[in-house]
Structure formats: C-alpha cells, structure tokens
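As a plain string of letters, each chain reads:
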Amino acid sequence: MNTQLNKIIWLIVSILGATAVGGIAINRGEDINALWFVTAALCIYAIAYRFYAAWIAANVLVIDTTRATPAERLDNGKDFVPTNRWILFGHHFAAIAGPGPLVGPTLAAQFGYLPGTLWILFGAVLGGCVQDMVTLFLSTRRDAKSLGQMARDELGQLGGTAALIGTFFIMIILIAVLGLVVVNAMKHSPWATSTVAATIPIAMIVGVYMRFIRPGQVLEASAIGVILLLLSVLAGGWIDNNATLRILFDHEGLTLAWWVMAYGFAAAILPVWLLLAPRDYLSTYIKVGTITLLALAIIMLQPEVKMPALTQFIDGTGPIFGGKLFPFVFITIACGAISGFHALIASGTTPKLLINERDIRMIGYGAMLLESFVALMAMIAATVLDPGVFFAINSPAGVVGALEIDAVAKISSWGFPVSVEQMQLLANQMGEASLFARTGGAPSLAVGMASIFGSAFGEKLLALWYHFAIMFEAIFILTTLDAGTRVGRFMLQDMLGNIWPRMGETSWTPSVIFTSALVVSGWGYFLYIGVIDPNGGVNILWPLFGIANQMLAAIALSVATGILIKSDKLKYAWVTGLPLLWLIIITSSAAWEKIASTDVRVGFFAGANDLVAKLASGSMSPEKASVAPQLIFNLQLDAWLTVFFVALLWLIVFDMLRVCGRYLAGKPVPPLSESPHRPSRWVEDWVRD
C-alpha cells in the first residue's frame, strides 16, 4: 500500500512539474505568473534528488558508509576536521554560492526569461549537481586531493600538469571577479560594509563557542550567531544614519579592495574552525533565510513576470553585454547551472571536513540544487521589474546616453517604455540618488527583491529592503571568496609539493603563509585592475569569468570521466561525459567569439584595436584618452588568457581520451590513486553500541 501511494505521489509531482515547464516554455505575448517558475523548480529538483542523484550514488559511485573519510583518518584540528553534516552543508553551500547565481541570471535576462530559466533548471540537475557530487566523492576517496592533483595522478604528467596550471590560473580569475563584485556592492555603502565586517568577529565568537565553551552544541551556537547577525544588520542602518560613524565605513573601491585582500589572506591561514566554517555556516542562514522568504513572498503575491520570453537582443545587439543567445546565455549564467569553481570547493575544503560518505549526495547534489533555486529567484526578481526599468538600471551610459532624458528615449525606442519621473520615484523609494546606469546586475536584483518584499511585507520599508538585499549579495559573494582563497592555497601547495615535498604539507606554517600570500597577490592584481577600470571592470572581466568557469567545469568532468572509465564503469561514463561534451561546445564557441569576433562589443582584440585607433586619431576626450592605455592592456590580457585557457582545455580533453583509449586497449596507464579502504571507527562504535 505504501509503495503504491509513493508511486502516485511521485507521478503527481512529475505531471505538475511537466505542466509548469510547459507553461513557461510555450507562453508568448502576455505576462506569466512567477508561481509557475517556483512550481517547476521544486518538482524538477525533488525528482532529480530522489531518483537521479540516488541512482548515481548507489550505482555509479557506490557509496560506502562504513569507509573512513580523510576527515577521520587525517584529523589534525586545522584543515582536516570532522564536521557536523549540517554545518558542513552550510559551509559548502556558502562557499559555492557566489555572485554567479545572483548576477548571471540578472544579466542574462536581457535575452528574456525563457533561455536562462531552462538552462538554470536542466543545466543544474544534469550537469552542475552531477559535477559537484562526483568530484566530492572522488576527492574524498583520494585523501581530499585538489582537482589539479587528481588530474595529475590519474591522467599522467602531461594532462595532469596542464590541469594543475589551468585550474590554478582560472581560479585566480574567478576569485578576482568575486572580489570585484563585492567591492562594487560595498563601495560608498556604510550599511553594507559595516554589516559584512561584523560577520567576521561574529563567526570567530561562534567558532570558539562550539569548540571550547560548549562543544557540540550546534543549536545554541547557531542561535547566538543568528541573533548577532540580525543585530548587525540593524546596527548597519544605525551606523549609516550616524554622521560620525558612517565615515569609518564609507570607502572608495580601492580601499575596500585592500581590505578584501587582507581578509582573504586571514581566511586562508587561520584554522578552518575559527573563521571559515562558522562564518560560512552563519552566512548560510542569511542566504537560505532570504531566499526562502523571497520564495514565500512570490507564492503569496504571485507576481507577473513582465519581461518577454525572448527579446530582440538574442541577435547579439543587447545593451548590457554583446553576444548572441548561443553561446553567451550559457556563459553568463554559470554558477546557477554548472560551475567549475564548485569542483575546487568539492575537492579543496569540503572533503577535509566530511564525516561519512553517506552525506556526499546531500552536500554535493543537494547544495547545488539549492544554488540553482537561488539563481531562479534572481531571474524572477529581475524579470518582475518593468523591462524599461530593468534596462535603465543595467544599460551603461555609453550605450544609452549619459543624460537621463536620452537614456529613457533610447530604451523606450526599443519597445520598453520608461520615464525619468518613474526612475526618480523608484530611486527615492530605494533611498538612492539615482538608479540609472547602475550596471553589474546587483542593483537591479536588489530593486527586484525589495519590490517583492515591500509588496508582501510593507512598502514603507522599501529602502530597508533594498539595502538589506545589497548586504545579502555582498555576504553571498564574500563567503565564496574566502573559501576560494583557501582552495587556491591547497592547490598551490599541491603543485609546489611536487618540487619540494615539505611545501605540500597543508598544515606546515611557512608553506601556509607563503602560498596564501602568493594566491592573494595573484587575484589581488586582477581585482586592482578591475577596481581602477573606469568602466567598472565587470564588463571586461565577467565574460572571461564565465568562460573560465565553464572551462574549469569541463576539466573537472574530464577527470571524472577518465576515472570512471579506468574504474571499469564505461557504461556509466555518459553521466559525466554528456555534460562534458556540452561544455566543450559552448566554451570553445564562446572563446572563439571573444577572440575572433570583429564586433568591438564582443571580441577582446577587436575592442582593443578600436581603442588604439581612436586614441591614435585623437577622437577621444582627454578623460577617456588618459585611461585608454589601461583599457587596451586589460582587453589584450583577457584575449590572451582566453587563448591560454582554451588551449589547456583541449590538451586536457585529448589527454583524457588518450588515457581512456589506452586503458580500454589493455595498455599501461597511470593506476587509480584511490586510497586503501579503512573501516570507520565511528561507524563501528555506533554498530557496537
């Protein structure tokens, strides 16, 4: 009876999900209720987790709950620390959920709601979640080795070295963009800056409480942390309204960039229990709580999505960024569907904290599902705005005009009417002087979230909701930056350990300090370049971020596919092989466009050459001419980095195919580097008790 009831329930869920997706896909010419998006997501996620993820865990990975994990075998109280599964889920989710699921969908909304929504839903369950779970499993079985080191062990010297170098340099770009987005969100915002700063000592208090004062009392520590976080948000508003104190937190972007670098260095060298894990865990409360509140507000209000399913900008003429629907929607939305950065977390920090393999499905697959839902909420928040308002906020002045009257005339000519009065009223409601040309995605997302929250819980608090959303985005991003820096340290230690074994000891203090300083210096340079860029940096770095991120995912899936085949699981290789094939297609296509396109808004070299020509002809204003050399250098650097990344990707893919071909032909290949099985003491004790 229970079996029949279970089948009926899942049949209903399947029909409901298919109906919701169909309603989203075929709707044309009129507004669609946002409730369809939430329904489609929840049904698809439930089915994928219950059936597909469970099947992969049981049949492809063959999870062993009796096997001791690296956290148990190598526990040293610093990097390898057995961690409660819920704390680890929060830490992992906080680490992977950076700007991608927030900013990417917002920017991609210029194509309309349909392409991004479908990519978020199906890209996650078939690609992103699979990559995260498989990588977490493989690293756990290999003493928590980094992705690059696993590639070197499993593919051999050539492909492994390429993967080590590629993943490290790609990660440097990723962290730089994370830092740039958070700096732009906190710049001249005392409220956001003071609140984000307060999360650091709060996390340290919680870490000390759980480790020394009340060990194991997770609920108590969580309650204390959440209360302090909420108080910090209220205190941020008080600081913002205090003429004396607000000066202490009102900074230029470059000053904030130096502080962000200092924070990244501290997060990389301090024990994980003191800052990284409790801070990310507490940040998860804000993240999950806010997204849950947003979902409830959407269910209550059932707002209409006003952006059309497809806009005329699918042809590549979009004002927010140049490039056609294919392949750039798949590059712009990275973390919400599939993200290579996640593979660094899943092979860098999380395996060192995992207590039991049974939690791999929940943490690997489940956390990515939650991030995909975040991306969908961001898409809804962006598309419930009037399209004219959306484009007025996100379109740069160089495209629509520096004067407000020119901007509204240009945007209205596209068929998306908006007025100066409408934008000024909205800015006043949000507590801002102006919302025109606030590029980067974060402000428009905050406006959309504030509008939904205001309609559901009080329109008189719109300014409060807006600044809360800005703070929410900043915290979202910074928690990924700190974990990424620590992962970068692990990766660099792995590489240097091949030259000097002592440098490969992740807890040796001189190695920790030296490698952390190198990693922060690397991404700090690109952060500095982005901050001083007069165009805000995001327009130049975000496409490179997206391409690099998806290439990193392709590298992770190449390693996973190679290991599956070497493990005599050829019949299951399609699980990672199909998403790998798709990523190779879209990343190679996007890289070719960014390198070879003659469109100055798309091609890096084309953009640089255009600036060179204008500078030589003297057609630039003195202000633009003074920064043109820096912009030219940035564009050329991005172009050559793209060439470098795509060359490494193809080298790794071909080397993986070479190794797999040799294995299937019975020829010698590098042996599997999986650590020997050791029974878990905790499981044995539990069974005996």
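How each quantity is defined
Residues numbered from 1 in each chain as written. Predicted model: local features only at pLDDT ≥ 70, side-chain atom pairs only at ≥ 80, totals over all residues. Heavy atoms only, no water. Helix = DSSP H or I, 4+ residues; strand = E, 2+ residues; numbered from the N terminus. Rg over C-alpha atoms; globule rule 2.2 N^0.38 Å. Buried < 20%, exposed > 50% of the residue type's maximum accessible area, 1.4 Å probe, protein only. Contact = heavy atoms within 4.5 Å. Areas by Shrake-Rupley, 256 points an atom, 1.4 Å probe, with all protein chains shown as cover. Lys, Arg positive; Asp, Glu negative; His and termini not counted. Charge placed at Lys NZ, Arg CZ, Asp CG, Glu CD. Polar contact = N/O pair within 3.5 Å; in protein donor to acceptor, adjacent residues only side chain to side chain. Expected span 1.5 Å × (residues − 1). Phe/Tyr/Trp six-rings, centres within 6.5 Å; stacked < 30°, edge-to-face > 60°. Lys NZ or Arg CZ within 6 Å of the ring centre and 35° of its normal. Salt bridge = Lys/Arg side-chain N within 4 Å of Asp/Glu carboxyl O. Axes fitted to C-alpha atoms, helices over the stretch in contact; angles between N-to-C directions. Parallel < 35°, antiparallel > 145°, perpendicular 65-115°, else oblique. Left-handed = near helix turned anticlockwise from the far one by under 90°. Nonpolar A, V, L, I, M, F, W, Y, C, P; charged D, E, K, R; others polar. Patch = residues over 30% accessible without salt bridge, like charges linked within 9 Å, V, L, I, M, F, W, Y side chains within 5 Å. Core = buried A, V, L, I, M, F, W, Y, C linked by side-chain atoms within 4.5 Å.

1. A short note on the overall build of the protein
Summing up its helical and strand segments, the protein has 27 helices and two strands in all. The C-alpha radius of gyration computed for the protein amounts to 24 Å, which stays within 12% of the reference 26 Å derived for 689 residues, consistent with globular compactness. Oriented by its inertia axes, the alpha-carbon framework of the protein measures out at about 75 × 55 × 55 Å. Out of the 689 residues in the protein, the part that is buried amounts to 60%. A fraction of 83% describes how many contacts in the protein between residues 6 or more apart in sequence connect residues 24 or more apart. Summed over all atoms, the accessible surface of the protein reaches about 25500 Å², with 67% contributed by carbon and sulfur. If you average the places of the 41 positive and of the 42 negative side-chain charges in the protein, the two averages end up 8 Å apart.

2. Focus: the side chain of T135
Within the element layout of this structure, T135 appears in helix α6 (residues 113-140). Taking relative accessible area as the criterion, T135 reaches 3% and is therefore assigned buried. A polar atom in the side chain of T135 sits 2.8 Å from the backbone oxygen of Q131. Every residue in contact with T135, bar those within four places of it in the chain, is listed here: M150, A343, A346, S347 and A556.

3. Here we look at helix α20 (residues 442-457)
Here α20 contains 16 residues, and its C-alpha end-to-end distance of 22 Å stays within 8% of the 22 Å for a straight helix at 1.5 Å per residue. When you tally the buried positions in α20, you get 13 out of 16 residues, the bulk of the element. G458, located one to two residues past α20, shows a positive phi value of around 135°.

4. Details of the packing of aromatic side chains
Taken as a whole and assessed by the stated rule, the structure comprises 26 aromatic pairs. On the basis of an interplanar angle of 80° and a centroid distance of 5.4 Å, the ring pair of F605 and W640 is categorised as edge-to-face. One end of the pair, F605, is in helix α25 (residues 604-617); the other, W640, is in helix α26 (residues 622-664), and 35 residues separate them in sequence. Judged by its relative accessible area of 22%, F605 is partly exposed. For the ring pair F644 and F645, a centre distance of 5.9 Å and an interplane angle of 50° mean the geometry is tilted. Judged by its relative accessible area of 33%, F644 falls in the partly exposed class. By relative accessible area, which is 2% here, F645 ends up buried. If you follow R50 out to its NZ or CZ, it ends over the ring of F51, 4.8 Å from the centre. When the ring centre of Y49 is taken as reference, the NZ or CZ atom of R361 above it lies at 4.1 Å.

5. Details of the pattern of salt bridges
Pairs can form between side chains of opposite charge whenever their charged atoms are close. Going through the model one piece at a time under the given rule, you end up with 15 salt bridges. Linking E674 and R67 is a salt bridge whose minimum nitrogen-to-oxygen distance equals 3.6 Å. Note that E674 is positioned in the loop between α26 and α27 (681-688) and R67 in the loop between α2 (35-61) and α3 (70-73), a separation of 607 residues in sequence. Taking the relative accessible area as the measure of exposure, R67 reaches 7% and is therefore buried.

6. Some points on the packing of helix α5 (residues 100-108) against helix α15 (residues 360-383)
Where α5 meets α15, the axes come as close as 8 Å, and the angle between the chain directions of the two elements is 40°. Considering their axes alone, α5 and α15 lie oblique with respect to each other. Handedness of the α5/α15 crossing: right-handed. Counting all contacts with α5, which are made through P101, L102, P105 and T106, the residues of α15 involved are E371, V374, A375, A378, M379 and A382. Each residue belonging to the contact of α5 with α15 can be placed in one class, and the counts come to eight nonpolar, one polar and one charged.

7. Side note on the environment of I15
Turning to its location among the elements, I15 is positioned in helix α1 (residues 2-26). Separated by 28 residues in the primary sequence, I15 and C43 place their C-alpha atoms 9.0 Å from one another.

8. Side note on unusual backbone geometry
That bond from F326 to P327 is cis: its omega, 10°, falls within 30 degrees of zero. As for its placement among the helices and strands, P327 is situated in helix α13 (residues 325-332). Positive phi values are uncommon outside glycine, yet D143 reaches one of about 60°. The residue D143 is located in the loop between α6 and α7 (147-155) in this model. Looking at D143, the relative accessible area reads 29%, which means it is partly exposed. The phi dihedral of A144 is positive, around 60°, even though this residue is not glycine. On the secondary structure map, A144 appears in the loop between α6 and α7.

9. What about a nonpolar patch on the surface?
A surface patch of nonpolar side chains, amounting to about 360 Å² of accessible area, comprises L254, W258, Y528 and I532. Secondary-structure elements contributing two or more residues to the nonpolar patch are α11 (253-269) and α22 (509-532). Turning to its location among the elements, W258 is positioned in helix α11. By relative accessible area, W258 is classed as exposed at 52%.

10. Notes on the environment of Q636
Along the chain, Q636 turns up in helix α26. What makes Q636 partly exposed here is its relative accessible area of 31%. Once the C-alpha coordinates of Q636 and F605 are considered, the two residues, 31 residues apart in sequence, prove to be 6.0 Å apart.

11. What about the nonpolar core?
Y365, M377 and W523 are the most contacted members of the largest nonpolar core, which totals 227 residues. For W523, the residues in contact, after removing those within four places along its chain, are I172, I175, A176, V260, M261, G264, L481 and T485.

12. A closer look at the side chain of Q149
Checked against the element boundaries, Q149 lands in helix α7. Ignoring sequence-local partners within four residues, the contact set of Q149 consists of L164, D494 and N498.

13. Overview of the environment of A381
Looking at the secondary structure, you find A381 in helix α15. Beyond its immediate sequence surroundings of up to four residues, A381 is in contact with L445, G448, M449 and I452.

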